[in-house]
Amino acid sequence: AFAVSVVSEGAEDETELPVLQKAEKSRTISKIGRELKGIVFVIQSQSNSFHSKRAEDLKRNILKQAVDLGKELPTVLLIHQINRHEGAWTILPLMRDFSVTYGRNSSWIFFCEEDTRIQVVKLLETLRRFDKSKEWFLGKALYDEESTIIHHYAFAENPTVFKFPDFAAGWALSIPLVNKLAKKLKSEPLKSDFTIDLKHEIALYIWQKGEGPHLTPVPEFCTDDVTSYKADHCATTFSNFLPLCGEPVNKEDVFVAVKTCRKFHGDRIPVVKQTWEREAALIEYYSDYADISIPTIDLGVPNTDRGHCGKTFAILERFLNHTSPRTPWLVVVDDDTLISIFRLRKLLSCYDPNEPVFLGERYGYGLGTGGYSYITGGGGMVFSRTAVQKLLASKCRCYSMDAPDDMVLGMCFSGLGIPITHSPLFHQARPMDYPKDYLSHQIPVSFHKHWNIDPVKVYFTWLAPNTEESHNGKHVGYNREDL
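Let us look at the structure shown here. Owing to the predicted nature of the structure, the values given are computational and were not obtained by experimental measurement.

**Notes on unusual backbone geometry**
In this chain, Ile-294 is followed by Pro-295 through a cis amide linkage whose omega measures -10°. Position of Pro-295 among the secondary structure elements: in the loop between strand S13 (282-287) and strand S14 (296-298). The backbone of Ile-91 shows a phi angle near 70°, a positive value even though the residue is not glycine. Structurally, Ile-91 can be placed in the loop between strand S2 (75-78) and helix H4 (95-102). For Ile-91, a relative accessible area of 0% gives the class buried. Located in the positive-phi region is His-152, a residue other than glycine, with phi close to 55°.

If you want it as structure tokens, here you go:
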């Protein structure tokens, strides 16, 4: 377009055209460089070796794109390297640091996951549409179709009105909003409570009961696969795949412990046997009553109506002392957990069992005031044998037999300096408790709770091996509207 305008004005010397084009290109590169330098990329990374490598790969990709565009490089941060905060992954505790360090010379903080793919030029074009001097909260919008327990039944009258970002697509905060949040956090520190669904809770905090901005949906922030025809307009994309880092681990490498009790032998255990039990080569059922028809093993720990810390630690002791030392992985699930052992074996191919791995869906407790992270038990807790050995070698134990086992385990591993490893493929709730658009770019490993659903139908729709969604690297959809 620039060349046409020059010719139409009757440039007498055609040899000047390349010079003018070079000057324009130089100005464009300079502008892009300034814009790039104004973005702080924050990758929501983890310290586990598999995840940190993926985050480093993304960082290198972003910087390579920047080098190809010119000399100015953006700042790229990895959250797991910000070691001063146990709760760095919850992001809000970092706002004051972001404000102090970048509040004067930057325009945007752009957050993404390790598997988010970014087209830097398109991202710059997208952000250019928004006045960087104003308060902006940008992302791909998710919403609840019905109120859900994982969001504390927020906006129960019409949950669709409240939008929150899909982290997989990336999301952005303008620096004026970062500065405002930092100021608020200085005067009103985060309360010591639970972090359950971070993306929803961050959106609530930013919204501030209507005093702050809503999420602004950005169509260019996408979760389409990079190979999809829909991805042409996208500044970000996200790969729909289950990580596979070689052959899936052997069936005999995974020992499955099912926690149950006598009152659920008749209704929950038959569901396990109709669904995923056949996928497990090594499985035992632990109860407060020995029932040879299942069979269950009585660990000598009475059932409680509250937490099951005593039972879980007894399972860990039994795994360490009564199973083959060549079995590297332990999975502890509830009797109403639906899980794909087939997919889990693929996922575990990416982790080193010689590391202390504690894997599942991450929650947090009191992270604004110290606190700790933990793997929520209902979605399934996966331990490497090394992690179990380190835990039991320590003095950390249940403060009471009916303490919440998952929280005590989180507290213990935090005290040992062993970080937990989060995977969004494990789910503490039912499929209907999550936005459909969120689940559409996942190949889930587990769901939990049998409330008001047909659990056998949920398993065969979402988790059974013959519903494997990765076909020649492309996502295949299934009819899941009622689940």
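**A closer look at empty space enclosed by the protein**
On inspection of all chains with the given rule, the structure shows three cavities of 30 Å³ or more. What the largest cavity holds in volume is close to 810 Å³. Surrounding the largest cavity, 39 residues form its lining, Glu-113, His-422, Ser-423, Pro-424 and Tyr-438 being those nearest its centre. At the level of secondary structure, the elements contributing two or more residues to the lining of the largest cavity comprise helix H3 (49-69), helix H7 (198-207) and strand S18 (362-365). Sorting elements by how many residues they give to the lining of the largest cavity places H3 first, with three residues. Split by residue class, the lining of the largest cavity holds 19 nonpolar, eleven polar and nine charged.

**Concerning the state of the cysteines**
Here the structure, examined in full by the defined rule, presents four disulfides. The disulfide partner of Cys-245 is Cys-350, and the gap between their sulfur atoms is 2.1 Å. Looking down the S-S bond of the Cys-245 and Cys-350 bridge, the torsion is 90°, so its handedness is right-handed. Here Cys-245 is found in the loop between strand S11 (236-238) and strand S12 (254-259), whereas its partner Cys-350 is found in the loop between helix H10 (341-348) and strand S17 (358-360), with 105 residues between them in sequence. Note on cysteine connectivity: Cys-309 is disulfide-linked to Cys-398, with sulfurs 2.2 Å apart. Judged by the sign of its S-S torsion, about -90°, the bond between Cys-309 and Cys-398 is left-handed. Residue Cys-309 is located in helix H9 (residues 309-322), and its partner Cys-398 is located in the loop between helix H11 (385-393) and helix H12 (405-415); the two are separated by 89 residues in the primary sequence. Given a relative accessible area of 0%, Cys-309 falls into the buried group.

**What to know about the packing of aromatic side chains**
Evaluated as defined, the whole model comprises 23 aromatic pairs. Taken together, a centroid distance of 5.5 Å and an interplanar angle of 70° make the contact between Phe-447 and Trp-462 edge-to-face. Taken together, the residues Phe-447 in strand S22 (residues 446-448) and Trp-462 in helix H14 (residues 455-462) connect sequence positions 15 residues apart. There is no split in this pair, since Phe-447 and Trp-462 are both buried. Joined through ring pairs, the aromatic side chains of Phe-98, Tyr-102, Phe-111, Phe-137, Phe-167 and Trp-171 make up one cluster. Here the guanidinium or amino end of Lys-163 rests over the ring plane of Tyr-143, the centre of that ring lying 5.5 Å away.

**So, the sheet that holds strand S19 (residues 372-375)**
Taken in spatial order, the three strands line up as S9-S18-S19 in an open sheet, and their pairing is antiparallel. Looking at the sheet topology across the chains shown, the edges are occupied by strand S9 (194-195) and S19. By the bridge criterion, four bridges tie S18 to S19 in an arrangement that is antiparallel. Bridge pairing in S19 links Tyr-365 to Tyr-372. In the packing of H12 onto the sheet, the strands contacted are S9, S18 and S19, and the crossing angle to S19 comes to about 130°.

**Looking at helix H5 (residues 120-127)**
What H5 keeps buried is the set Val-120, Leu-123, Leu-124, Thr-126 and Leu-127. Projected down its long axis, H5 carries its buried residues within an arc of 160°, all on one side.

**A closer look at a nonpolar patch on the surface**
A grouping of Ile-149, Tyr-153 and Trp-451 is seen on the molecular surface, where their side chains present a nonpolar patch of about 300 Å² in accessible area. On the secondary structure map, Trp-451 appears in the loop between S22 and H14. Since its relative accessible area comes to 43%, Trp-451 is described here as partly exposed.

Here is what the cut-offs are and how they apply
Note that residues are indexed from 1 along each chain, following the sequence as it is written. Two thresholds apply to this predicted model, a pLDDT of at least 70 for residue-level local features and 80 or more for giving and counting side-chain atom pairs, whereas whole-chain, interface and lining totals are computed over all residues. Each side-chain value is worked out from all heavy atoms of the structure, with water and hydrogens disregarded. Strands are runs of DSSP state E lasting at least 2 residues, helices are runs of H or I lasting at least 4, and numbering of each runs from the N terminus. Between buried and exposed lies partly exposed: a residue is buried under 20% and exposed over 50% of the maximum accessible area for its type, with that area taken using a 1.4 Å probe on protein chains only. The pocket and cavity definitions rest on a 1 Å grid over protein atoms only: a 1.4 Å probe that fits but cannot leave marks a cavity, an open set with protein on both sides within 12 Å along at least five of seven lines marks a pocket, and residues lining either have an atom within 4 Å of a point. Grid points are joined across faces, edges and corners, and a volume is the space filled by probe spheres set on the points. Under this grouping Gly is polar, as are all residues other than the nonpolar Ala, Val, Leu, Ile, Met, Phe, Trp, Tyr, Cys and Pro and the charged Asp, Glu, Lys and Arg. Cysteine sulfur atoms are paired as a disulfide whenever they fall within 2.5 Å. The rule is short: rings of Phe, Tyr and Trp, with Trp giving its six-membered ring, pair when the centres are within 6.5 Å, and they are stacked under 30 degrees, edge-to-face over 60, tilted in between. Note on criteria: charge over ring means Lys NZ or Arg CZ within 6 Å of the ring centre, with the direction from the centre no more than 35 degrees off the ring normal. If DSSP finds at least two bridges between two strands, the strands pair. Pairs of residues are marked as contacts when any of their non-hydrogen atoms sit within 4.5 Å. For helices, the fitted line uses only the C-alpha atoms of the stretch in contact; every axis is such a line through C-alpha atoms, and the angle between N-to-C directions lies from 0 to 180 degrees. The arc in question is the one spanned by the directions pointing from the helix axis to the C-beta atoms. Excluding any residue in a salt bridge, patches collect residues exceeding 30% relative accessible area, merging like charges within 9 Å and nonpolar Val, Leu, Ile, Met, Phe, Trp and Tyr side chains within 5 Å. Methods summary: accessible areas were calculated by the Shrake-Rupley approach with a probe of 1.4 Å, and residue burial reflects only the protein chains presented. Put simply, a salt bridge is a Lys or Arg side-chain nitrogen that is within 4 Å of an Asp or Glu carboxyl oxygen.

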